[in-house]
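Letter by letter, the chains look like this.
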Amino acid sequence: MKIICHGGAGHTPKVQDGVDKAAEEGWKILKETDNPTLAATAATIIMEDDFRFNAGTGSCLRDDGRVQNDAAVATSDGRMGAITNLQDFKNPVLVARELLDEFVTMLAGEGAIEFALKKGFKQTKVKGSEKGWTGDTVGAVAQSSDGKIAVASSTGGVRGRPVGRVGDTPLWGSGFYCDESIGILATGVGEAITEQLMCYRVYQHSKNLEKALEWGVKLLPKDTGVGIIAIRNDGQIYGTSNTSMPLKIIED
Ligand code: ASP
């Protein structure tokens with residue numbers, strides 16, 4: 001069993017305690033259930049509920065002052081769910097998780113809101129935060145005792161970007177990737193990560209996980225913040241960034 005959590009490429013060790021808490025909660029759920037999807041989302045929720053992170057309650061603001069969230073969940077048995085431009089839900093990652101068992105894999109804006117309401121989530125004003133530069137997306141990758149993997153990611157996006165802007169976080173292959181061999185998440189400047197199809201390309205190089213992630217980070221210029229975390233099904237686990245991204249690994 002393993003879990004790795006990150007607090008965003010734009011964050012610093014100042015929020016390490018929040019990432020530690022998320023990993024500990026995810027680990028607790030993993031031990032109880034041996035379910036990597038529940039564990040990765042439980043860890044992500046802890047950070048969505050922590051105002052210091054750019055996700056859920058502490059999300060950064062769009063250029064008109066509103067909060068719009070992106071989130072994604074994917075599993076090594078071939079399921080995925082992603083939402084983008086979801087407005088006024090406390091835990092967007094839970095809405096994305098609901099899509100795992102639907103035919104539709106991704107919902108945006110109004111459709112995402114309707115889906116969330118139909119699934120019983122409460123729409124409630126998310127105030128967001130004026131602080132933070134951008135890259136403080138949160139996420140977790142977890143692996144069960146029999147090697148199943150899940151990834152979960154959530155973000156308020158990038159401060160000051162226009163309403164309707166879609167970053168990498170909800171985009172399959174860019175901000176997240178998961179199959180029976182690997183689970184990968186990215187954080188950082190979404191436009192640059194998307195242009196590089198970051199997570200999928202890291203997967204293609206992932207025979208040596210550490211080298212692949214270091215290679216992935218170098219796809220972007222040094223001054224463009226990016227971080228990547230991953231678990232391979234043979235148990236390799238690694239995270240890196242070109243910033244001081246806080247991360248936490250727990251494994252047995
Ligand atoms: N990747 C996110 C986005 O561009 C930002 C972040 O990592 O905080 O939407």
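Keep in mind that this is a model prediction, so the values were computed, not measured.

Q: Before we move on, could you go through the pairing of strand β7 (residues 176-179) and cite the residues and values that matter?
A: Covered by surrounding structure in β7 are Phe176 and Cys178 together with Tyr177 and Asp179, the residues of both alternating faces. Once β7 ends, the chain turns through two residues before running back antiparallel as strand β8 (residues 182-188).

Q: How would you explain helix α7 (residues 209-217) if you had to name every residue and give the values?
A: Within α7 the residues assigned to the buried category are Leu209, Ala212, Leu213, Gly216 and Val217. For α7, the arc enclosing every buried residue in end-on projection is 135°, short of the 170-degree limit, so these residues lie on one face. Contact partners of the buried residues in α7: β8, α6 (198-204), β9 (226-232) and β10 (237-241). Where α7 starts, the residue carrying a side-chain oxygen 3.1 Å from the main-chain nitrogen of glutamate 210 turns out to be asparagine 208.

Q: So what's going on with the pattern of salt bridges? Which residues, and what values?
A: Per the stated rule, a full pass over the model turns up 14 salt bridges. A salt bridge links aspartate 252 to lysine 31; the shortest N-O distance between them is 3.0 Å. Linking aspartate 252 in the segment after β11 (247-251) with lysine 31 in helix α1 (residues 16-33), this pair joins segments that are 221 residues apart in sequence. With relative accessibility at 59%, the residue aspartate 252 sits in the exposed group. Accessibility expressed as a relative area gives 47% for lysine 31, which makes it partly exposed. The partner of lysine 90 in a salt bridge is aspartate 49, and the shortest N-O contact between them spans 3.4 Å. Of this pair, lysine 90 sits in the loop between β3 (80-86) and α3 (92-98) while aspartate 49 sits in the loop between α2 (36-48) and β2 (69-75), and the two are 41 residues apart along the sequence. Judged by its relative accessible area of 37%, aspartate 49 falls in the partly exposed class. Through salt bridges with shared partners, a single ionic network connects Asp17, Asp50 and Arg52.

Q: So, the packing of α1 against α2: which residues are in play, and what are the values?
A: One can describe the packing of α1 onto α2 by two numbers: an axis separation of 8 Å at closest approach and a directional angle of 155°. Relative to α2, the element α1 lies roughly antiparallel. At the point where α1 passes α2, the crossing takes the right-handed sense. Where α1 abuts α2, its residues Gly18, Val19, Lys21, Ala22, Glu25, Gly26, Ile29, Leu30 and Thr33 lie against Pro36, Leu38, Ala39, Ala42, Ala43, Ile46 and Met47.

Q: Before we move on, can you summarise the packing of aromatic side chains with the specific residues and values?
A: Ring pairs (aromatic) are described by centroid distance and by the angle formed between their planes. Scanning the entire structure with this criterion turns up five aromatic pairs. Ring centres of tryptophan 172 and phenylalanine 176 lie 5.3 Å apart, and the angle between their planes is 65°; on these two criteria the pair is classed as edge-to-face. Classification of tryptophan 172 by relative accessible area gives partly exposed; the value is 39%. Take phenylalanine 176: its relative accessible area is 0%, and that puts it in the buried class. Each ring, one from tyrosine 200 and one from tyrosine 203, has its centre 5.4 Å from the other, and the planes form 45°; the classification is tilted.

Q: An account of the site of the ligand is needed here, citing residue identities and associated values.
A: As a matter of local geometry, the ligand sits amid 15 residues, with Asp136, Thr137, Arg165, Asp168 and Gly188 nearest to it. The contact in question runs from a nitrogen atom of the ligand to an N or O atom on the side chain of aspartate 168, over 2.6 Å. Glycine 188 has a polar backbone atom sitting 2.7 Å from a nitrogen atom of the ligand. Considered on its own, the ligand offers 270 Å² of accessible surface; in the complex 100% of this is hidden by protein. Looking at side-chain class alone, the shell around the ligand contains one nonpolar, eleven polar and three charged residues.

Scoring rules and cut-offs
- Residues numbered from 1 in each chain as written.
- Predicted model: local features only at pLDDT ≥ 70, side-chain atom pairs only at ≥ 80, totals over all residues.
- Heavy atoms only, no water.
- Buried < 20%, exposed > 50% of the residue type's maximum accessible area, 1.4 Å probe, protein only.
- Helix = DSSP H or I, 4+ residues; strand = E, 2+ residues; numbered from the N terminus.
- Pairing = 2+ DSSP bridges.
- Arc of directions from axis to C-beta.
- Contact = heavy atoms within 4.5 Å.
- Polar contact = N/O pair within 3.5 Å; in protein donor to acceptor, adjacent residues only side chain to side chain.
- Salt bridge = Lys/Arg side-chain N within 4 Å of Asp/Glu carboxyl O.
- Axes fitted to C-alpha atoms, helices over the stretch in contact; angles between N-to-C directions.
- Parallel < 35°, antiparallel > 145°, perpendicular 65-115°, else oblique.
- Left-handed = near helix turned anticlockwise from the far one by under 90°.
- Phe/Tyr/Trp six-rings, centres within 6.5 Å; stacked < 30°, edge-to-face > 60°.
- Near = heavy atom within 4 Å.
- Areas by Shrake-Rupley, 256 points an atom, 1.4 Å probe, with all protein chains shown as cover.
- Nonpolar A, V, L, I, M, F, W, Y, C, P; charged D, E, K, R; others polar.

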